[in-house]
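Examining the three-dimensional arrangement
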Amino acid sequence: MNDVPDLAFFSLLARQPSLAAAAQALGITPPAVSRRLAALEQRLGVRLLNRTTRRLSLTPEGERYLEDGEQILRDIERLERSLLDSRERPQGLLRINAGFGFGRRHLGPAISDFVRDWPDIEVILHLSDRTLDLTEHALDIAIRFGPPPDARILARRIAPNRRLLCAAPAYLAAHGVPQTPRDLQAHDCIVIREHERAFNNWQLTDGNQQVTVKVRSPLAVNHGEIAVDWALAGHGIILRSEWDIAADLRSGRLVRVLPDWAGISADIHALYPQRHQLSAKVRTFLDFLQGRFASGESDALW
């Protein structure tokens, strides 16, 4: 479809004194200009220009085509400029998904500060206890733990995150302190059931080797904060992300168990569809989030 290129061609041609001048401006030969003009007039079924060897003049149809056509070209330019601005200037609606615990404790406060800095961006934060498909739910960003699940989804690491073994001092005083990963099988362990995985198989690593321990779990839940509450109450050992238990470890309410061992890496990633690779609002929010967690703001992740 050549309508827009033809409009631009005719706009330039009509403002030249002759075909030769138009050819020079377009960087083509005068016969090529003549052929293209003839093809345009044939397609439209009207004569647009009266031409002689020395000058060009618009017909009434040509004047209308030029006037309305240039308005169309200006509208297209304005549209493209607005699209470019939306890519380069952060603005518009940003839909974000995260889990309840991390979303309430860290992401919510971060968004509160973000929208103060970027008032042209509106945010909808959807917290859920299950993984949502970005495309199906029209999400711009999803915060996830562990490696990205799909190569078709773009991801940026927001912060490192270890999964640590810990328990309340009262539990360890009553039941003893495990010395090896296998010792966990003799302890009460609090497990978190999520994503249909084998919830009581804990994968642990010391950096050199990896082991899987099937733990005994008299208490299980699908909500991480409840699991932490049970650990604080002395019900057993928990394997939990560092972001969730850092304050309890600092205060001594929980203490590390098997400090040389940790769960498989579960770094925090922001996932976003490929269509948002150049989106200014997505890029700006990810830069903000990465900088915030790197600088220790947001109640300090760790």
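This report concerns the structure included in the present document. (Residues numbered from 1 in each chain as written. Predicted model: local features only at pLDDT ≥ 70, side-chain atom pairs only at ≥ 80, totals over all residues. Heavy atoms only, no water.)

By the secondary structure assignment, Ala 266 is in the loop between strand 14 (262–263) and strand 15 (268–272). For the pair Ala 266 and Pro 147, spaced 119 residues apart in sequence, the C-alpha to C-alpha distance is 7.1 Å. Once residues lying within four places of it in the same chain are set aside, the contact partners of Ala 266 are Phe 145, Gly 146, Asn 161 and Arg 163. (Helix = DSSP H or I, 4+ residues; strand = E, 2+ residues; numbered from the N terminus. Contact = heavy atoms within 4.5 Å.)

Tallied over the full model, the rule gives 15 salt bridges. A salt bridge links Glu 242 to Arg 162, with the shortest nitrogen-to-oxygen separation between them at 2.9 Å. Of this pair, Glu 242 sits in helix 8 (residues 242–251) while Arg 162 sits in the loop between strand 6 (154–159) and strand 7 (163–167), placing them 80 residues apart in sequence. For Glu 242, a relative accessible area of 13% corresponds to the buried category. Residue Arg 162 is classed as partly exposed on the basis of its relative accessible area, which comes to 42%. One salt bridge in this structure joins Asp 244 and Arg 240, with 2.7 Å as the shortest N-O distance. By the burial criterion, Asp 244 is buried, and Arg 240 matches it. Connected through salt bridges with shared partners, the residues Asp 6, Arg 36 and Arg 43 form a single ionic network. (Salt bridge = Lys/Arg side-chain N within 4 Å of Asp/Glu carboxyl O. Buried < 20%, exposed > 50% of the residue type's maximum accessible area, 1.4 Å probe, protein only.)

Our next topic: the environment of Ser 241. Looking at the element boundaries, Ser 241 is found in strand 12 (residues 237–241). It is 5.8 Å that separates the C-alpha atoms of Ser 241 and Arg 162, two residues lying 79 residues apart in sequence. In contact with Ser 241, not counting residues within four places along its chain, are Phe 145, Asn 161, Arg 162 and Arg 163.

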